[in-house]
Amino acid sequence: MQELAIIEAPSVLGLRPSGVQELPTALLDAGLLNGLDAVRTGRVEPPAYDPTRDPVTGVLNPRAIAEYSARLADAVGDVLDHGRFPVVLGGDCSILLGNLLALRRRGRHGLLFLDGHTDFYQPSAEPYGEAASMDLALATGRGPRLLTDLEGRGPLLRDEDVVALGFRDADESAQAGMQPLPPELHAIDLDGVRAAGATMAARGAVDRLTVGASAGFWVHLDVDVLDDAIMPAVDYHLPGGLTWEELESVLRTALADPRAVGLDVTIFNPRLDPDGTIATRLAECLRRGLSARTDRGPQDRAGSRRCRRPVNSRARQGEA
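Residues numbered from 1 in each chain as written. Predicted model: local features only at pLDDT ≥ 70, side-chain atom pairs only at ≥ 80, totals over all residues. Heavy atoms only, no water.

Trainee: Go over the environment of Leu13, please, and point to the residues and values.
Mentor: Locating Leu13 in the fold gives a position in the loop between β1 (4-8) and α1 (23-29). Sequence spacing of Leu13 and Pro47 is 34 residues, and the spatial spacing of their C-alpha atoms is 8.1 Å. (Helix = DSSP H or I, 4+ residues; strand = E, 2+ residues; numbered from the N terminus.)

Trainee: Lay out the side chain of Gln21 in plain terms, naming residues and giving numbers.
Mentor: For Gln21, the location among the structural elements is in the loop between β1 and α1. Judged by relative accessible area, which is 19%, Gln21 ranks as buried. Within the local environment of Gln21, its side chain forms a polar contact with the backbone nitrogen of Gly19, the two atoms lying 3.0 Å apart. (Buried < 20%, exposed > 50% of the residue type's maximum accessible area, 1.4 Å probe, protein only. Polar contact = N/O pair within 3.5 Å; in protein donor to acceptor, adjacent residues only side chain to side chain.)

Trainee: Mind laying out unusual backbone geometry, listing which residues take part and the relevant values?
Mentor: With omega at 0°, the peptide bond leading from Gly90 into Gly91 counts as cis. Along the polypeptide, Gly91 turns up in the loop between β3 (85-89) and α3 (96-104). A positive phi angle is found at Asn61, which is not glycine, with a value near 55°. Note on Asn61: relative accessible area 6%, which makes it buried. Non-glycine residue Asp119 carries a positive phi angle of around 50°.

Trainee: Tell me what's going on with the layout of surface pockets, and back it up with residues and numbers.
Mentor: In this structure, the largest pocket encloses a volume near 380 Å³. Forming the walls of the largest pocket are 21 residues, and the residues nearest its centre are His117, Glu126, Ser133, Glu172 and Tyr236. (1 Å grid on protein atoms, 1.4 Å probe; cavity = no way out; pocket = protein on both sides within 12 Å on 5 of 7 lines; lining within 4 Å. Points joined across faces, edges and corners; volume = space filled by probe spheres on them.)

Trainee: An account of the packing of helix α2 (residues 62-81) against α3 is needed here, citing residue identities and associated values.
Mentor: Two quantities define a packed helix pair, namely the angle between the helix axes and the distance between the axes. The N-to-C vectors of α2 and α3 enclose an angle of 55°; their axes lie 7 Å apart at closest approach. Here α3 runs oblique to α2, going by the angle between their axes. Helix-helix and strand crossings are classified by hand; for α2 and α3 the assignment is right-handed. Contact with α2, carried on its side by Ile65, Ser69, Ala70, Leu72, Ala73, Val76, Gly77 and Leu80, involves Leu97, Gly98, Asn99, Leu101, Ala102 and Leu103 of α3 and no other residues of that element. (Axes fitted to C-alpha atoms, helices over the stretch in contact; angles between N-to-C directions. Parallel < 35°, antiparallel > 145°, perpendicular 65-115°, else oblique. Left-handed = near helix turned anticlockwise from the far one by under 90°. Contact = heavy atoms within 4.5 Å.)

Trainee: Explain helix α10 (residues 277-294) to me, using residue names and the numbers behind them.
Mentor: For α10, with 18 residues, the first-to-last C-alpha span of 25 Å sits near the 26 Å given by 1.5 Å per residue. Burial runs high along α10: 13 of the 18 residues are buried. (Expected span 1.5 Å × (residues − 1).)

Trainee: Run through the sheet that holds strand β5 (residues 162-165), naming residues and quoting values.
Mentor: The eight strands lie next to each other as β2-β1-β3-β8-β7-β4-β5-β6, forming an open sheet whose pairing is parallel. Each edge of the sheet is formed by a strand with only one pairing partner; in this case those strands are β2 (38-43) and β6 (186-188). With direction set aside, neighbouring strand axes in the sheet form an average angle of 15°. Relative to strand β7 (residues 217-222), α3 is tilted by about 175°, and along the sheet it contacts β3, β4 (110-114), β7 and β8 (260-266). Running at roughly 165° to β7, helix α9 (residues 244-256) makes contact with β3, β4, β5, β7 and β8 of the sheet. (Pairing = 2+ DSSP bridges.)

Trainee: How would you explain α3 if you had to name every residue and give the values?
Mentor: Taking burial as the measure, the nine residues of α3 include eight buried ones, the bulk of the element. Leu96, Leu97, Gly98, Asn99, Leu100, Leu101, Ala102 and Leu103 are the residues of α3 that are buried.

Trainee: Lay out the nonpolar core in plain terms, naming residues and giving numbers.
Mentor: Core analysis: the biggest nonpolar cluster contains 60 residues, and Leu112, Leu221, Met231, Leu263 and Phe268 have the highest contact counts within it. If near-sequence neighbours (up to four positions away) are discounted, Met231 is found in contact with Val223, Leu226, Trp244, Phe268, Ile278 and Leu282. Judged by nonpolar contacts, the second largest core, of 47 residues, contains Leu97, Leu101, Leu111 and Leu150. (Core = buried A, V, L, I, M, F, W, Y, C linked by side-chain atoms within 4.5 Å.)

Trainee: If you had to explain the packing of helix α8 (residues 198-209) against α9 to someone new, which residues and values would you point to?
Mentor: The geometry of α8 relative to α9 is characterised by a closest axis approach of 8 Å and an angle of 30° between their N-to-C directions. Taken as axis vectors, α8 and α9 run roughly parallel relative to one another. Crossing angle aside, the handedness with which α8 passes α9 is right-handed. For the pair formed by α8 and α9, the contact residues are Ala198, Thr199, Ala202, Arg203 and Val206 on the first element and Glu246, Ser249, Val250, Thr253 and Ala254 on the second.

Trainee: Outline the state of the cysteines, supporting the account with residue identities and numerical values.
Mentor: All told, the structure shown has zero disulfides when counted by the stated rule. This cysteine, Cys93, is not joined by any disulfide, and Cys285 carries the nearest cysteine sulfur, 16 Å off. According to the relative accessible area criterion, Cys93 is buried, its value standing at 1%. A residue is classified by how much of its surface remains accessible, and Cys285, at 0% relative accessible area, is buried. (Disulfide = S-S within 2.5 Å.)

Trainee: Please set out the pairing of β8 residue by residue, giving values where relevant.
Mentor: The element β8 is extensively covered by neighbouring structure, given that seven of its seven residues are classed as buried. The sheet contact formed by β3 and β8 spans three bridges and is parallel. When the bridges of β8 are listed, Val87 appears paired with Leu263. In terms of strand pairing, β7 meets β8 through six bridges, oriented parallel. By the bridge assignment, His220 is partnered in β8 with Asp264. For the crossover from β7 across α9 to β8, the handedness is right-handed. (Right-handed = clockwise from strand over helix to strand, strands pointing away.)

Following this line, the structure appears as structure tokens:
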């Protein structure tokens, strides 16, 4: 059993203030922690959002993202140093950089990238300059140096240490001129997941991520990997996607492996879920996946909760 540590990371620096910054509160209020062995270790507040696209990098808020990534990495690193399993609640997908920076400070790690999109845009092809559409490219060293060489550590990931699973944007991204995925990066699109079955696809991904010199792997979840029909509370829509059951199978398979080192959840927009029903279903799915980590079945009983208020004040802006 490993204690979970919840870090709130409500940054929209890589997107826009559309509502995804409310994800942590919505999921916690929906009972995300019910029945899980978890503590709340703090909230990393982002700098002010600037809607002006940077003329040098072509990216929105690049300096703010770099600064925020370092502070988020401090918070994640503190959790890792205490032997806990970090669960980072975004925010947009640019928070991935801070999570991976925490790992990069500690050696070589891999990434299971669960997303309806591959997020491999270069600034010239991203129409709005949103780093949330570039995060995987930036993490593997493609893009402006300000965001690809954080703390002078070079790429946060090697191509061969990444598995992208469940995406369905190949036609759209090619039409937009997105750079192609490198051949060393292992890609399993939605059709590939369906052909293998969700559990077997996830098992194959984990097997690939745990060979060689990697010290473990992070799991990134953008909830738009889910079928648009059951997860409409996202900002960019594509038809199709995983079912709740398929996502739960993938999460349980990945998080049950002892070499999984952390999870982030991004892009869910509570403003597009006015009655809270999607938040409740998402929280349930995440609980079931995370229960594989804590070796406890999630229970919807208030008495089974082990949730404490934030204790890590260093994670707050200005105190890191």
